[in-house]
Amino acid sequence: MASEAPATNNDTETASEPDTTDTETSDDAASPAEVPTCETLIGQAVVDDFLSVGWSVKTETFYLGNIEIAEGIQCIWADYESQANDQPQIFGWAPIDSDGAADAQRALVAEGWVQEDAAEGVYITENPDTAFARDENGYGVTYLFIDGEVLQADTKQGLLLIDWPAS
């Protein structure tokens, strides 16, 4: 069954009205006005490539392991018209404060995920022995925790395709 790409979210407030919502409860999470869509999370050239080969996108709720982050987005790009749809591309983004990030990292590592600290942030990746799909370096589904947000891709290399915020 084919899925239409979601409409781009244009529900942003005008610049003359400052956003004062909930600034005390989130210490470093991105604001709701800064939420990507499946078409803006990755670069336009990647979106164009997917569309040119007949792929479409399904938008789902972002999950960090078993934790739902309703403000986030998970995008699954694939050929939903084909019978052989075994190589989707998954990209995700969600706002997360530092306490939530630390809790999520601990929970994933306790479940057998592998943590790697790097200059750009903290990577948490599937155990390579149990990953369904892996990149050329053996990484499966991987999260990258950076200040105020977490990124997700079906492989660590896939994180390189995320262009959010757009450069």
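An account of the accompanying structure is given in this report.

Criteria and thresholds
Residues numbered from 1 in each chain as written. Predicted model: local features only at pLDDT ≥ 70, side-chain atom pairs only at ≥ 80, totals over all residues. Heavy atoms only, no water. Salt bridge = Lys/Arg side-chain N within 4 Å of Asp/Glu carboxyl O. Helix = DSSP H or I, 4+ residues; strand = E, 2+ residues; numbered from the N terminus. Buried < 20%, exposed > 50% of the residue type's maximum accessible area, 1.4 Å probe, protein only. Expected span 1.5 Å × (residues − 1). Arc of directions from axis to C-beta. Contact = heavy atoms within 4.5 Å. Polar contact = N/O pair within 3.5 Å; in protein donor to acceptor, adjacent residues only side chain to side chain. Phe/Tyr/Trp six-rings, centres within 6.5 Å; stacked < 30°, edge-to-face > 60°. Lys NZ or Arg CZ within 6 Å of the ring centre and 35° of its normal. Core = buried A, V, L, I, M, F, W, Y, C linked by side-chain atoms within 4.5 Å.

This next bit is on the pattern of salt bridges. Going through the model one piece at a time under the given rule, you end up with 2 salt bridges. One salt bridge in this structure joins Arg106 and Asp103, with 2.5 Å as the shortest N-O distance. Pair noted here: Arg106 and Asp103 are both in helix H3 (residues 98-110), with a separation of 3 residues, about one helical turn. Judged by its relative accessible area of 44%, Asp103 is partly exposed. Between Glu116 and Lys156 there is a salt bridge; the shortest N-O distance is 3.2 Å. Residue Glu116 is found in strand S4 (residues 114-118), and its partner Lys156 is found in the segment after strand S7 (149-153); the two are separated by 40 residues along the sequence.

Once that is clear, we can look at H3. Helix length check: H3 (13 residues) gives 18 Å between terminal C-alpha atoms against 18 Å at 1.5 Å per residue, within 8%. Here H3 has its buried residues at Ala101, Ala104, Gln105 and Leu108. Projected down its long axis, H3 shows its buried positions confined to an angular sector of 100°, all on one face. For H3, exposure combined with an orientation more than 90 degrees from the buried face picks out Asp99, Arg106 and Ala110. Next to the buried residues of H3 lie strand S1 (56-64), strand S2 (67-78), S4, strand S5 (121-125) and strand S6 (142-146). Sitting at the head of H3, Asp97 places a side-chain oxygen 3.3 Å from the backbone nitrogen of Asp99. Positive phi appears at Gly112, one or two residues downstream of H3, with a value of about 105°.

This part is about the packing of aromatic side chains. Each pair of aromatic rings is reported with the distance of its centres and the angle of its planes. For the structure on display, the rule yields 5 aromatic pairs. Consider the rings of Phe50 and Trp77, whose centres lie 5.2 Å apart with planes at 40°: the pair is tilted. Remark: Trp77 occurs in strand S2 and Phe50 occurs in helix H2 (residues 44-52); sequence separation between them is 27 residues. Neither Phe50 nor Trp77 differs from the other in exposure class; each is buried. Between Phe62 and Tyr143, the ring centres sit 6.2 Å apart and the planes meet at 70°, which makes this aromatic pair edge-to-face. Placement of Phe62 in strand S1 and of Tyr143 in strand S6 is noted, with a sequence separation of 81 residues between them. Owing to a relative accessible area of 0%, Phe62 belongs among the buried residues under this scheme. Grouped by ring-pair contacts, the aromatic residues Phe50, Trp55, Trp77 and Phe91 constitute a single cluster. In this structure, Lys156 is placed above the aromatic ring of Tyr123, and the distance from its NZ or CZ to the ring centre is 4.4 Å. Across from the ring centre of Tyr139, 4.5 Å away, lies the NZ or CZ of Lys156, which sits over that ring.

Here we come to the nonpolar core. Residues Ile42, Phe50, Cys75, Trp77, Phe91, Leu159 and Ile162 are the most contacted members of the largest nonpolar core, which totals 19 residues. Those elements that provide at least two residues to this core are helix H1 (38-41), H2, S2, strand S3 (89-95) and S7. Beyond its immediate sequence surroundings of up to four residues, Phe91 is in contact with Leu41, Ile42, Phe50, Ile73, Gln74, Cys75, Trp77, Gln152, Ala153, Gly158, Leu161 and Ile162. By size, the runner-up hydrophobic cluster in this structure holds 15 residues, among which are Ile69, Ala94, Ala104 and Val141.

Moving on, we get to the environment of Ala131. Mapping Ala131 onto the fold places it in the loop between S5 and S6. In the structure, Ala131 is positioned 18 residues away from Trp113 in sequence and 10.0 Å away in space, judged by C-alpha atoms. Other than its neighbours up to four places away in sequence, Ala131 contacts Glu126 and Gly140.

The subject of this paragraph is the environment of Phe50. Looking at Phe50, the relative accessible area reads 10%, which means it is buried. Remark: the alpha-carbon pair of Phe50 and Gln89, spanning 39 residues in sequence, is separated by 9.6 Å. Once residues lying within four places of it in the same chain are set aside, the contact partners of Phe50 are Ile42, Trp55, Trp77, Gln89 and Phe91.

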